[in-house]
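# Report on the structure
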Amino acid sequence: MPTIMPDDVDSPPARTVRSGSWAEAAAAADAPAAPSRAPQDGEPVTSVPVHPASSNPDALTPARSAVPAAPEIAPSVPARPLRSSRSESRAAALAAPAPDFISSPGLFVREQKPRPVGGFRGALFKMTGGGLNLGPGARQREEDELARRISRQLQGSYNTAVLSLKGGIGKTSTTVGVGLTLAEYRGDPPCAIDANPDSGDLVERALGEGIYQQQSPRTITDLLKNIESVDSLTALARYMHHAGRLHLIAGEQDPEVSDSLTAEEYLRIRKLISGYYSVALTDCGTGVTHNAMSGILQSADNLIIAAGYAVSGAKRARSTLHWLAGHGYEELARNAVVVITDKDEVSSRVDKDAIEDHLSGICRQLIAVPHDRGVADGDLVTLDVLRPETRRAYKEIAAAIVDGYV
């Protein structure tokens, strides 16, 4: 009998069994089936294995179709970020600057409309208990803007010289009125220095003659004698006079002594004042050629040129500006503020507009101070008794001065 070898017998294909333990085989059988993937373009289609139904190879019945079914399209679900990515995003959000009550108060508190003061708007606001607020009118907004300009914070110390070529045209009254206005609106008190060589009366106009005589009349000469011992504001206060928050250094009343103030001595005073005051006004007296004038102009940051509505006063103011421009002070002349004070209430025959036009083109700004008995009498100058128009003019001058500092 011939020997029949296994290779000669038709047999089903052998199934490859991976060697291993029963535990490994069970784990493999329990594992979920891998998701089917649709064939990509160019890839061969793999048929699903079939099982024999009979011994006839031609009668094989496939368990599944040889052509794969179209896969169902699942809805798109965004991938969940990894834990590390979420942590990094949270850390970045915490590190980003967030608004707070200090840096961004407007994000947490509604902006309140400014309260109207006076006039119809103010009366309506008061009658409705604040329920109806139309806001400030144009006049009040202008006043608020002047106050803002005057009260600006300054870095350093600045000096404004007030001068004229003619006496009796409102130079000292302007110094006092503007000084009191600066003291009213600024957070730091200003200082006014009387450098008039002709027995200046700056302190008398700010305090009143009687009060000044009752006080210890310390003057700029006394300060110069003891300037080396002045090392604090407390020590300096012994030589100062105070009209409210306006601090003043009195001029020398003896004409023989006052005329001896030199440019070097004034610069020593100015250096001392600059350590304690951010704004100083210097009443220079009449003329531009006296001994201290070169030191005053050298240390001035801007100028006020006092003038009157008389034709002669306007000509002198113009001559002053030309003299300054021709003697090395062209910048001071260009940025000067010309103040025309109607001290004597000039008659209607004087063309004020023509005088203003004559001066306005050669200075930075021209401001007119109307006639006011509180200024014209040559006595005590206090803001409370001045007309509203006069106070408004002094505000404009003070604002123009601070404008020249920044």
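### Description of the overall build of the protein
Each helix and strand in the protein was counted, giving 17 helices and 8 strands. When burial is assessed residue by residue, the protein has 37% of its 406 residues classed as buried. Considering only residue pairs separated by 6 or more positions, the protein has 76% of its internal contacts joining residues 24 or more positions apart. When the accessible surface of the protein is totalled, it reaches about 24,800 Å², and 54% of it is carbon and sulfur.

### Things to note about the environment of Lys-166
By secondary structure assignment, the location of Lys-166 is in the loop between strand E1 (158-164) and helix H5 (171-185). For Lys-166, the residues in contact, after removing those within four places along its chain, are Thr-286, Ser-312 and Arg-316.

### Structural notes on helix H17 (residues 388-403)
For the α-helix, the turn length of 3.6 residues means that residues three or four positions removed from each other point alike. With 16 residues, H17 ought to run about 22 Å at 1.5 Å a step, and its terminal C-alpha atoms sit 22 Å apart, in line with that. If you check which residues of H17 are buried, you get Thr-390, Arg-392, Ala-393, Tyr-394, Lys-395, Ile-397, Ala-398, Ala-399, Ala-400, Ile-401 and Val-402.

### Quick notes on the pattern of salt bridges
Counted according to the given criterion, the structure contains 15 salt bridges. Note that Asp-403 is salt-bridged to Arg-152, the shortest N-O span being 2.2 Å. Placement of Asp-403 in helix H17 and of Arg-152 in the loop between helix H4 (138-150) and E1 is noted, with a sequence separation of 251 residues between them. Take Asp-403: its relative accessible area is 23%, and that puts it in the partly exposed class. Here Glu-389 ties to Arg-387 by a salt bridge, and the two come within 3.6 Å at their closest N and O atoms. With a relative accessible area of 41%, Glu-389 lands in the partly exposed category. Accessibility expressed as a relative area gives 37% for Arg-387, which makes it partly exposed. Linked through salt bridges whose partners overlap, the residues forming this network are Glu-142, Glu-143, Arg-392, Lys-395 and Glu-396.

### A few points about the sheet that holds strand E2 (residues 191-194)
Each strand in a sheet pairs with its neighbour through backbone hydrogen bonds, running either in the same direction (parallel) or in the opposite one (antiparallel). Sheet architecture is open: 8 strands sit in the order E3-E4-E2-E5-E1-E6-E7-E8, paired in mixed fashion. A strand with exactly one partner marks an edge of an open sheet, and here the two such strands are strand E3 (241-243) and strand E8 (365-369). Averaged over all neighbouring strand pairs, the angle between strand axes comes to 25°, with direction disregarded. Taken together, the 3 bridges between E3 and strand E4 (residues 246-249) define a ladder with antiparallel strand orientation. Opposite Ala-243, over in E4, you have Leu-246 as the bridge partner. The strands touched by H5 within the sheet are E1, E3, E4, strand E5 (279-286), strand E6 (302-308) and strand E7 (337-341), with E5 carrying the most contacts at an inclination of about 175°. Strands in contact with H17 are E1, E5, E6, E7 and E8; relative to E8, the strand with the most contacts, it is inclined by about 155°.

### Observations concerning the nonpolar core
Residues Ile-249, Ile-269, Ile-273, Leu-303 and Ile-305 are the most contacted members of the largest nonpolar core, which totals 46 residues. When sequence neighbours within four positions are dropped, the list of residues in contact with Ile-249 reads Cys-191, Ala-192, Ile-193, Asp-194, Val-203, Ile-220, Leu-223, Met-240, Ile-269 and Ile-273. In this structure, Leu-202, Val-279, Val-369 and Ala-393 belong to the second largest nonpolar core, which totals 39 residues.

### Things to note about a nonpolar patch on the surface
Together, Phe-120, Leu-132 and Leu-134 make up a nonpolar patch on the protein surface, roughly 310 Å² of accessible area in all. Its place among the elements puts Leu-134 in the loop between helix H3 (119-127) and H4.

### As for the confidence of the model for the protein
In the predicted model, the protein carries a mean pLDDT of 78, and the fraction of residues at 70 or more is 69%. A low-confidence stretch, residues 6-20 (pLDDT under 50), is modelled with 2 contacts involving residues beyond four sequence positions or located in other chains. Here residues 50-67 scores under 50 on pLDDT; set against residues more than four positions off or in separate chains, the count is 14 contacts.

### Let's talk about the pairing of E2
Burial along E2 is two-sided: the residues Cys-191 and Ile-193 and Ala-192 and Asp-194 are all buried. Pairing analysis gives 3 bridges linking E2 to E4, with the strands arranged parallel. Bridge assignment links Ala-192 to a residue of E4, and that residue is Leu-248. Across 4 bridges, E2 lies against E5 in parallel orientation. The partner of Ile-193 across the bridge, within E5, is Thr-282.

What counts, and where the lines are drawn
Residues numbered from 1 in each chain as written. Predicted model: local features only at pLDDT ≥ 70, side-chain atom pairs only at ≥ 80, totals over all residues. Heavy atoms only, no water. Helix = DSSP H or I, 4+ residues; strand = E, 2+ residues; numbered from the N terminus. Buried < 20%, exposed > 50% of the residue type's maximum accessible area, 1.4 Å probe, protein only. Contact = heavy atoms within 4.5 Å. Areas by Shrake-Rupley, 256 points an atom, 1.4 Å probe, with all protein chains shown as cover. Expected span 1.5 Å × (residues − 1). Salt bridge = Lys/Arg side-chain N within 4 Å of Asp/Glu carboxyl O. Pairing = 2+ DSSP bridges. Axes fitted to C-alpha atoms, helices over the stretch in contact; angles between N-to-C directions. Core = buried A, V, L, I, M, F, W, Y, C linked by side-chain atoms within 4.5 Å. Patch = residues over 30% accessible without salt bridge, like charges linked within 9 Å, V, L, I, M, F, W, Y side chains within 5 Å. pLDDT = per-residue confidence, 0-100.

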